[in-house]
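Fold and contact review
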Amino acid sequence: DSPQALTDALHDYEKGKVHDFIKIHGFEGHSAGRAGGFTELGPPEHRILGTAFYDAIVEPIAERLKADEHGTRALIVFSDGEDNSSAHNMLDAIETAQAADVRLFAIRYTELDHHGSLNARNKYGIGVMARIARETGGADFDAREKDLASHFKEIGDDLRNSYQLAYHASNV
């Protein structure tokens, strides 16, 4: 399901159905379904050292997305929200995204224990993913609720239907 939905999204982009600039970054230093011209957004994650979830948000934004000055910028994060080896913390990730005007969309993959329940770490990860999405204007999705293609469609609809409004007083 996941690779096919990503492949379909990339094909829509290549056929001109999507008029946005798309970059893909995969955990562990490789991208799933990389198409011509798509590059890694951030550093490879070395799983032997743990999960660098916050670094995987901060570094791509600081290195690639921040320099993109035109259009809407969004980062889709696939994770359980747990982190045990980042140089950055949750507030760094939120503030970096806000400063660069990047919306974070979180797709959670949370494993249940052998009783079908969430443990404390899972619950914390869920809270982290929900918070970073909410505070950056994105959205949070549970991968178990729908197929990945449905989540991509919701994200795409959200991005296409969002506007920024600004008001500048003429007498100031």
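The following refers to the structure shown. (Residues numbered from 1 in each chain as written. Predicted model: local features only at pLDDT ≥ 70, side-chain atom pairs only at ≥ 80, totals over all residues. Heavy atoms only, no water.)

**Some thoughts on the pattern of salt bridges**
We count it as follows: A side-chain nitrogen of Lys or Arg and a carboxyl oxygen of Asp or Glu constitute a salt bridge if their distance falls within 4 Å. Here a helix means four or more residues in a row that DSSP labels H or I, a strand means two or more in a row labelled E, and each is numbered from the N terminus. Exposure is judged per residue with a 1.4 Å probe applied to protein chains only, and the accessible area is read against the type maximum: over 50% gives exposed, under 20% gives buried, and values in between give partly exposed.
As enumerated under the stated definition, the model contains 8 salt bridges in all. A salt bridge links Glu82 to Arg121, with the nearest nitrogen and oxygen atoms 2.9 Å apart. One end of the pair, Glu82, is in the loop between strand S1 (73-79) and helix H3 (90-99); the other, Arg121, is in helix H4 (residues 120-135), with 39 residues separating them in the sequence. Residue Glu82 is classed as buried on the basis of its relative accessible area, which comes to 13%. Between Asp140 and Arg108 there is a salt bridge; the shortest N-O distance is 2.5 Å. Of this pair, Asp140 sits in strand S3 (residues 140-142) while Arg108 sits in strand S2 (residues 102-108), placing them 32 residues apart in sequence.

**Considerations on the pairing of S2**
Our working definition: For two strands to count as paired, DSSP must find a minimum of two bridges between them. The handedness of a crossover follows from its direction of travel: if, with the strands pointing away from the viewer, the path from the first strand over the helix to the second runs clockwise, the crossover is right-handed.
Counting buried positions along S2 yields 7 of 7 residues, so the element is predominantly enclosed. Residue alternation in S2 divides its side chains into two sets, Val102, Leu104, Ala106 and Arg108 and Arg103, Phe105 and Ile107, and both sets are buried. Across 7 bridges, S1 lies against S2 in parallel orientation. Bridging across to S2, Arg73 finds its partner in Val102. Handedness of the crossover joining S1 and S2 through H3 is recorded here as right-handed. Bridge count between S2 and S3: 3 bridges; the pairing is parallel. What sits directly across from Ile107, in S3, is Phe141.

**Looking at the side chain of Glu82**
Under the convention used in this document: Two N or O atoms count as a polar contact when they lie within 3.5 Å, although within protein this holds only if one can serve as hydrogen donor and the other as acceptor, and sequence-adjacent residues are included solely when both atoms are side-chain atoms. We call two residues in contact when some of their heavy atoms are within 4.5 Å.
In terms of polar contacts, Glu82 uses its side chain to reach the side chain of Arg121, at 2.9 Å. Within the structure, the side chain of Glu82 is placed 3.3 Å from the side chain of Asn122, a separation counted as a polar contact. Leave out the neighbours within four places in its chain, and Glu82 touches Thr51, Phe53, Arg121, Asn122 and Gly125.

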